[in-house]
4 protein chains.
Amino acid sequence: MVEPHELSNKKEAILYSAFQVFTEKGYHQAKVSEIAERARVGKGTVYEYFDSKEALLIGVIKAGTKYYIEQLNESAEQAVDPLGKLRNILLKNVTILKENQNFRQLINHNFGVNSEQFHLLLQEQRQILFQKIQKILQEAINQQQIKPIDLEIGVRLVFGHIIAMDPEMGNLAEEQINSMIDILFKGLQ
Amino acid sequence: MVEPHELSNKKEAILYSAFQVFTEKGYHQAKVSEIAERARVGKGTVYEYFDSKEALLIGVIKAGTKYYIEQLNESAEQAVDPLGKLRNILLKNVTILKENQNFRQLINHNFGVNSEQFHLLLQEQRQILFQKIQKILQEAINQQQIKPIDLEIGVRLVFGHIIAMDPEMGNLAEEQINSMIDILFKGLQ
Amino acid sequence: MVEPHELSNKKEAILYSAFQVFTEKGYHQAKVSEIAERARVGKGTVYEYFDSKEALLIGVIKAGTKYYIEQLNESAEQAVDPLGKLRNILLKNVTILKENQNFRQLINHNFGVNSEQFHLLLQEQRQILFQKIQKILQEAINQQQIKPIDLEIGVRLVFGHIIAMDPEMGNLAEEQINSMIDILFKGLQ
Amino acid sequence: MVEPHELSNKKEAILYSAFQVFTEKGYHQAKVSEIAERARVGKGTVYEYFDSKEALLIGVIKAGTKYYIEQLNESAEQAVDPLGKLRNILLKNVTILKENQNFRQLINHNFGVNSEQFHLLLQEQRQILFQKIQKILQEAINQQQIKPIDLEIGVRLVFGHIIAMDPEMGNLAEEQINSMIDILFKGLQ
DNA sequence: CATGAATGAGCTTTCATTCAT
DNA sequence: AATGAATGAAAGCTCATTCAT
C-alpha cells in the first residue's frame with residue numbers, strides 16, 4: 001500500500017490523500033486539514049493546487065472515474081465479439097467495485113454534495129460509459145447477435161445490470177453473475 | 001400545491017417543510033431555521049417535535065418511503081397474475097419517480113449523510129421492497145410463468161430494472177418502458 | 001424523606017423542589033421544567049408564585065438561611081455563659097453542615113450567580129449571624145471571660161473558625177473540634 | 001493598567017482578557033466572543049489556543065493561583081523563624097487580596113462551575129498551600145515556638161484566619177491584622 | 001512555491017418565559 | 001388559579017479560506 005505522502009509530486013499526494021479521506025468520512029466530514037496532514041503538506045499548499053475543497057472532490061472523482069473507465073475499456077478489448085465485450089465489461093465492473101469498495105463509497109457518500117459542477121461531472125462520466133456500451137450494442141445488432149432494439153433501452157438495461165450486480169448488496173458467486181448476464185442476453189435475443 | 005404552513009397540525013407542517021428544504025438543498029445545506037420559517041413555527045417548536053435535525057431527516061424519509069411502498073403495493077394488487085403484478089410495480093415506480101422527482105432527490109441528495117441510523121433505515125426499507133418482489137417471483141415460478149431461478153438473482157434483476165427506468169436519466173415513452181419489461185420477462189422465461 | 005409534591009401547599013412544594021434541584025445541579029444547570037416536574041405542577045405554575053428563576057433561587061436561599069440561623073440561635077440559648085453559647089454555635093454549625101451538606105452546596109455552587117440581589121441577600125444573612133456573635137462576644141467581655149478586644153476582630157475570628165471547621169474539608173472528630181475551639185478561646189483570653 | 005491586547009503574545013492576551021471577563025461577569029455570563037474582542041483577536045483564535053471555554057477558565061485559574069502561591073512563598077522566605085514566616089504569609093495574603101480583588105472574585109464567582117476538573121484544580125492548589133503551612137507549623141513545633149498540636153487542626157486554623165482577614169468583608173488596619181495574628185499565635189502557644 | 005496562524009460566518013440546540021385556554 | 005405548547009434569543013464551536021512571511 002502506497003502512502004499518500006510517498007507519491008513523487010505534491011499534487012498527486014494531495015489527490016490521493018483526499019481520495020482516502022473523502023472515502024472514509026464523506027465530503028462534509030472530511031477536513032481539509034486532515035487531507036493536508038496525510039499528504040504531509042501544509043494546509044495552504046492544498047490551495048496552491050486546488051481552488052477549493054469542492055475542486056478537490058471534483059479532482060478526485062475525475063481521476064477515479066478515468067481509471068474506472070479505462071479498466072472497463074481494457075477488459076472489453078480482450079474479447080472480439082460484441083457480447084463477449086459486454087460480458088467482460090459487466091464482469092470487470094464487479095471486480096473493480098469489489099476490490100475497490102472505497103471507490104463506490106466515494107461517489108455514493110458524496111452524492112449529497114449539492115453542486116451543479118459535481119453532478120455535471122458525474123453525468124458526463126456516465127455518458128462516456130453509455131456511449132461505449134451503445135457502440136458495442138450497435139455492433140452486436142449489426143452482427144445479429146441480438147435483435148435490433150432501441151439503443152436507449154439497451155444501454156439502460158446494461159446499466160441496470162451494472163447496478164444489479166453491485167457487490168454492495170452482497171457478494172455474488174461467479175456462477176450467479178454469469179447467470180445474470182445470460183438472462184440479459186437471452187432477453188435481448 | 002399545498003404550502004407547509006397550511007397543514008392542520010404542526011408536526012405535519014414541519015415534516016412537509018423539512019421534506020421541501022432537504023430536497024431542495026440537501027441535508028447539510030438545509031437550515032433548521034428555514035424549515036421552521038416555512039412551516040411558520042418558531043425554531044424551538046421544531047425541537048418540540050423532533051429531537052434533532054437528523055431525527056427530522058429520519059422522519060421525512062420514513063414518511064416518504066412508507067408512501068412509496070404503499071403505492072407500489074396498491075398497484076401490485078391491481079393485477080392477479082404474478083408477472084402482471086411485477087409489471088404494475090415497475091410501471092408505478094416510474095410514475096411515482098416522475099411525478100415526485102423530489103422524493104428521489106431526497107434520498108440521493110442525502111445519501112452522503114454519514115449516519116448509521118439513516119443507512120439502516122434505507123436498508124430496512126429496501127428490504128421491505130425486496131421481500132415483496134421476492135414473493136411475487138416465487139409465485140411466478142410456482143405458476144410456471146418463469147423458469148425456476150435463484151431468487152436472489154431475480155430480485156436484483158428487478159431492482160436493476162427499477163434503476164434502468166429511472167426518469168432521472170430522461171423520460172421514456174410508455175412503449176419503451178413496456179419493451180424493457182418485456183425483455184426482462186423474456187430473459188426470465 | 002418527604003417528597004416535594006407531598007407538601008400541602010404548592011408554593012412550598014415548588015420551593016422545596018427548587019432547593020433539591022439547585023443543590024444537586026447548581027443554578028445554571030437546573031431547569032425550571034425539572035423543578036416544576038418534581039413539585040408536580042405545571043411549568044407555568046412556578047411563574048405564578050415566583051417571578052423568575054432567579055427569584056426562586058432567592059426564595060430558596062432565604063428559607064435555607066432562616067432555618068440555619070434559627071438553629072444556631074436555638075443551640076446558643078441552651079447555654080448560659082457567653083463562651084458556652086459560642087461553643088454551642090460552633091458545634092451546631094458543624095452538625096448542620098455535616099447533616100445537610102446540600103445546604104453548603106446550595107450557597108457555594110451558586111455563588112457564581114451574578115446578581116446584585118443574590119449577593120445582597122447573602123451579605124444580609126451574614127450580617128444577622130455576625131450581630132448575634134458580636135452580642136455574645138460583648139457579653140463575654142463584660143463578664144471578663146475574654147479580654148476586651150475589638151469586636152470587629154472578634155467576629156471575624158469566630159467566622160474564620162466556622163470556615164476552618166467546615167466538614168467539606170474532611171470530617172473532624174468531636175475531640176478535634178473542641179480543641180480548635182479551645183485554641184480560639186485561649187487566644188482570646 | 002495594561003490592556004489585554006497590548007500583551008506581546010496572543011495566548012497571554014487571551015488569558016488576560018479571559019481573566020477580566022470571567023472576573024467581571026462570572027463564567028456563565030462571560031461570552032467567548034467578548035473575550036476575543038477584548039484580546040483583539042478573532043473568535044476562532046481563542047479556540048486555537050484553548051480547546052473550550054472551560055479550558056480557558058482552567059488556564060486562567062492556573063495562572064492566577066500560580067502567581068498567588070509564588071507570592072506567598074516569596075514573602076514567607078523573607079523571615080527566618082517559622083512564626084515570622086506564618087505572619088508574613090498572612091500579611092501578604094491580605095495585600096494580594098486587597099490589591100487584586102478580581103482574583104478573589106475569579107474563584108468565588110466561578111465556584112458554581114460544575115466541572116470535575118475545575119474543582120480538582122482548586123483542591124490541588126489548596127493542597128499546595130496547605131502543605132506549605134503544615135511544613136511551617138511543624139518547624140514551629142520543632143523549635144518549640146508553639147506547643148505540639150495536631151497539624152490538621154493547625155492548618156485549618158491558619159486557613160480560617162486567611163478567610164477571617166479577607167478584605168472583602170471590609171478593610172482592616174495593619175494594627176488590627178497584627179492583633180488577629182497575635183491572637184492566633186497566643187492560642188497556639 | 002510553501003506554510004500555518006488567524007479569521008469569522010454560520011450552524012444547531014437549549015430553556016426561561018409567555019399567554020391563550 | 002393552573003397549565004404546557006410555543007417561542008426565539010443567545011452562545012459555543014467548527015473549519016474552509018486567506019495572506020503575510
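Going by the structure above, here's the rest.
Moving on, we come to the relation of the copies chain D and chain C. Comparison of the two chain copies shows a relationship of rotation about an axis with a shift along it. Between chain D and chain C, the superposition needs a rotation of 178° and an axial shift of 0.1 Å, giving an RMSD of 0.3 Å. The superposition operator between the copies reduces to a two-fold rotation axis. Interface overlap between copies is the fraction of interface residues in one copy that are interface residues in the other; for chain D against chain C it reaches 97%, indicating a shared surface.

Okay, the protein's contact with DNA strand F next. Around DNA strand F sit 30 residues in total, of which Thr45(B), Tyr49(B), Thr45(C), Tyr49(C) and Tyr47(D) are the nearest. Considering the 4 Å shell around the protein, atoms of DNA strand F inside it are sugar or phosphate in 67% of instances. Within the side chain of Thr45(B), an N or O atom sits 2.2 Å from a phosphate oxygen of DNA strand F. Elements with a minimum of two residues in the surface near DNA strand F: α3 (43–49) of chain A, α3 (43–49) of chain B, α3 (43–49) of chain C together with α3 (43–49) of chain D. Among the residues making up the surface near DNA strand F, the classes are represented as 10 nonpolar, eight polar and 12 charged.

Moving on: unusual backbone geometry. Working note: non-glycine residues mostly have negative phi, and peptide bonds are mostly trans. Unlike most non-glycine residues, Gln144(B) shows phi in positive territory, near 55°. Within the secondary structure layout, Gln144(B) lies in the loop between α7 (116–142) and α8 (151–164). The class for Gln144(B) is exposed, based on a relative accessible area of 70%. With a phi angle near 55°, Arg40(C) is a residue other than glycine that sits in the positive phi range. Following the sequence through the fold, Arg40(C) ends up in the loop between α2 (32–38) and α3.

What follows concerns the interface of chain D and chain C. Between chain D and chain C, the contact holds 37 residues from the first and 37 residues from the second. When the two sides are added together, the surface that chain D and chain C hide from each other amounts to roughly 3100 Å², 61% of it contributed by carbon and sulfur. Sorting the residues of chain D by area buried against chain C places Arg156(D), Met169(D) and Ile183(D) first, and these three jointly supply 23% of that buried surface. At the boundary of chain D and chain C, one finds zero salt bridges.

Procedures and definitions
- Residues numbered from 1 in each chain as written.
- Chains lettered and ligands numbered in written order.
- Predicted model: local features only at pLDDT ≥ 70, side-chain atom pairs only at ≥ 80, totals over all residues.
- Heavy atoms only, no water.
- Least-squares fit on C-alpha atoms with pLDDT ≥ 70 in both.
- Contact = heavy atoms within 4.5 Å.
- Near = heavy atom within 4 Å.
- Polar contact = N/O pair within 3.5 Å; in protein donor to acceptor, adjacent residues only side chain to side chain.
- Helix = DSSP H or I, 4+ residues; strand = E, 2+ residues; numbered from the N terminus.
- Nonpolar A, V, L, I, M, F, W, Y, C, P; charged D, E, K, R; others polar.
- Buried < 20%, exposed > 50% of the residue type's maximum accessible area, 1.4 Å probe, protein only.
- Buried area = accessible area lost by both parts, 1.4 Å probe.
- Salt bridge = Lys/Arg side-chain N within 4 Å of Asp/Glu carboxyl O.

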